[in-house]
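A look at the structure
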Amino acid sequence: MSGTLATQSVGVPDGAAGDRVLEVDDLVVEFPAKGGGTVHAVSGISFHLEEGETLGILGESGCGKSSAGRAIMQLPSPTSGSVRLNDVELVGHSGRSLRSKRARMQMIFQDPVSSLNPRRKVKDLVAEGARIWGRKVTEERVRELLLAVGLDPDSVWERRPHELSGGQCQRVCIARALMLDPQVLICDEPVSSLDVSVQAQILNLLEDTKERYRLSMIFIAHDLAVVKNISDRIMVMYLGRVCEVIPADRLAEHALHPYTKLLLESVPEAHLPDAELDVDDVGVTNAELPRRWIPPAAAASGLGARWRPRCARARRRR
Ligand SMILES: Nc1ncnc2c1ncn2[C@@H]1O[C@H](COP(=O)(O)OP(=O)(O)OP(=O)(O)O)[C@@H](O)[C@H]1O
Ligand SMILES: [Mg+2]
């Protein structure tokens, strides 16, 4: 492969044996770029989620974590690839057919305040999803879920989102998701917009909720410490691709991919080894590499691993 650089290839270990509730194959998400061209947000990622496990998705801003999460939910459908929930394909369905196939998968988002309809009251926000389905929702059930997420039903019942704190709004979002009796919960940076003091409370709530309602969870975040604590396995992403999937308890000792190691060093820019690097293809000096941002569209072009422009182990293959 003359003229290209490549990193080591990294295996993707399987999780512990168990039932796979979700299987994602060769997921591709692309957007039209401003001024023409294509944004390659997610470029053919494959992974699975086992029953009862939490899979963390870790990576820096713009690497495609939310695009992947939304594509799994079909919000919108991916450009290509397969998403199977309990062996039922979701890609290619829309409307009522999709909603019924996806009913047991719910998602909560980074900004809980703006993900709630500002005009609705808490009592309606929690019931909303189930009512769309034409299900009868009792007041008792709404109260039970509010209590389960640590809210006092009487004091929040008639309130609207702007009358609640960020943490309370996230609790409402979790109650809304639980109303539909989910099996899989996708959490997209559920604590990153919250005060540090509230983050731990919401993380504890998510862990308790997972146990109590026997959920399987995908937990998206860019904070390694948060992901490591809450996850059974961690999938590390870089520029739309998977670097590696590794059990959380093996992360510190057994990470294989240089990008994962860089994340572990926590001050990434300062810790690239001084290895000799052939940089012909990227046109920058070794010293500039760690700080140079390679936009996804640019990185997607050409051959070799996407990590190569920042990789101290990249070599030209002769
Ligand atoms: N609707 C869209 N239209 C065009 N480009 C998009 C769209 N949504 C995401 N992108 C681009 O796709 C890439 C991946 O974005 P995404 O939001 O999935 O990343 P992320 O890992 O979730 O980042 P963050 O940690 O900042 O939330 C980015 O380059 C982003 O600008
Ligand atoms: Mg995101």
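Since we're looking at a predicted model, the values are computed, not measured.

Cut-offs applied
- Residues numbered from 1 in each chain as written.
- Chains lettered and ligands numbered in written order.
- Predicted model: local features only at pLDDT ≥ 70, side-chain atom pairs only at ≥ 80, totals over all residues.
- Helix = DSSP H or I, 4+ residues; strand = E, 2+ residues; numbered from the N terminus.
- Buried ≥ 20, exposed ≤ 12 C-beta atoms within 10 Å, placed from the backbone.
- Contact = placed C-beta atoms within 7 Å.
- Near = placed C-beta within 6 Å.
- Nonpolar A, V, L, I, M, F, W, Y, C, P; charged D, E, K, R; others polar.
- Pairing = 2+ DSSP bridges.
- Axes fitted to C-alpha atoms, helices over the stretch in contact; angles between N-to-C directions.
- Core = buried A, V, L, I, M, F, W, Y, C linked by C-beta atoms within 7 Å.
- pLDDT = per-residue confidence, 0-100.
- Left-handed = near helix turned anticlockwise from the far one by under 90°.

Per the secondary structure count, the chain includes eleven helices and twelve strands. Residues counted as buried form 40% of the 318 residues belonging to the chain. For the chain, restricting intrachain contacts to residue pairs at least 6 apart in sequence, the fraction spanning at least 24 positions comes to 69%.

On to the site of ligand 1, then. Near ligand 1 there are 13 residues, and of these Phe31, Ala41, Ser61, Ser66 and Ser67 occur at the shortest range. Looking at the shell around ligand 1, the elements with two or more residues in it are β3 (38-50) and α1 (65-73). It is α1 that contributes the most residues to the shell around ligand 1, three residues altogether. Along the lines of polarity and charge, the residues of the shell around ligand 1 split into five nonpolar, seven polar and one charged.

Turning our attention to the sheet that holds strand β4 (residues 54-58). Backbone hydrogen bonds are what pair the strands of a sheet, in a parallel or an antiparallel way. Pairing within the open sheet is mixed, and its six strands lie in the order β7-β8-β9-β4-β10-β11. The two strands at the open ends of the sheet, each matched to only one other strand, are β7 (105-108) and β11 (241-247). Along the sheet, successive strands turn relative to each other by an average axial angle of 15°, direction set aside. Relative to strand β9 (residues 216-221), strand β8 (residues 184-188) is paired through five bridges, and the arrangement is parallel. Its bridge partner being in β9, leucine 185 is matched across the sheet by methionine 217. Lying over the sheet, α1 contacts β4, β7, β8, β9 and β10 (233-238), oriented at roughly 150° with respect to β8.

The alternating pattern of β7 places Met105 and Met107 and Gln106 and Ile108 on opposite faces, both of which are buried. Pairing between β7 and β8: four bridges, direction parallel. Residue pairing in the sheet places glutamine 106 in a bridge with leucine 185 of β8.

Let us now look at the nonpolar core. Ranked by internal contacts, the top residues of the largest apolar core, which has 75 residues, are Val126, Ala175, Val184, Cys187, Ile218, Met235 and Met237. Broken down by element, this core gets its largest block of residues, eight residues, from helix α6 (residues 166-179). Every residue in contact with valine 126, bar those within four places of it in the chain, is listed here: Val142, Leu145, Leu146, Val172, Ala175, Arg176 and Met179.

Once that is clear, we can look at the confidence of the model for the chain. Averaged over every residue, the pLDDT of the chain is 83; the share at 70 or more is 78%. The low-confidence segment residues 1-17, where pLDDT is below 50, has 42 contacts with residues more than four positions distant or belonging to other chains. Confidence over residues 267-303 falls short of pLDDT 50; this stretch has 52 contacts with residues more than four positions distant or in other chains.

Taken N-terminus to C-terminus, the directions of helix α3 (residues 122-132) and α6 make an angle of 30°; their axes are 7 Å apart at the nearest point. In the crossing of α3 with α6, the sense of the turn from one axis to the other is right-handed. Residues Val122, Leu125, Val126, Ala127, Glu128, Gly129 and Ala130 of α3 lie in contact with α6, whose contacting residues are Val172, Ala175, Arg176 and Met179. Of the residues assigned to the contact of α3 with α6, the class counts are eight nonpolar, one polar and two charged.

Our focus in this paragraph is α3. Along α3, the residues classified as buried are Val122, Leu125, Val126 and Ala127. Residues of α3 that are buried in the fold lie against α4 (139-148), α5 (153-156) and α6. Note on α3: the residue one or two positions beyond its end, glycine 134, has a positive phi of about 80°.

Here the focus is unusual backbone geometry. With omega at 0°, the peptide bond leading from leucine 75 into proline 76 counts as cis. With respect to the element layout, proline 76 can be found in the loop between α1 and β5 (80-85). Despite not being glycine, arginine 214 shows a phi value in the positive range, around 50°. Counting through the fold element by element, arginine 214 comes out in the loop between α7 (196-212) and β9. On the basis of neighbour counts, which here come to 9 C-beta atoms within 10 Å, the residue arginine 214 falls in the exposed class.

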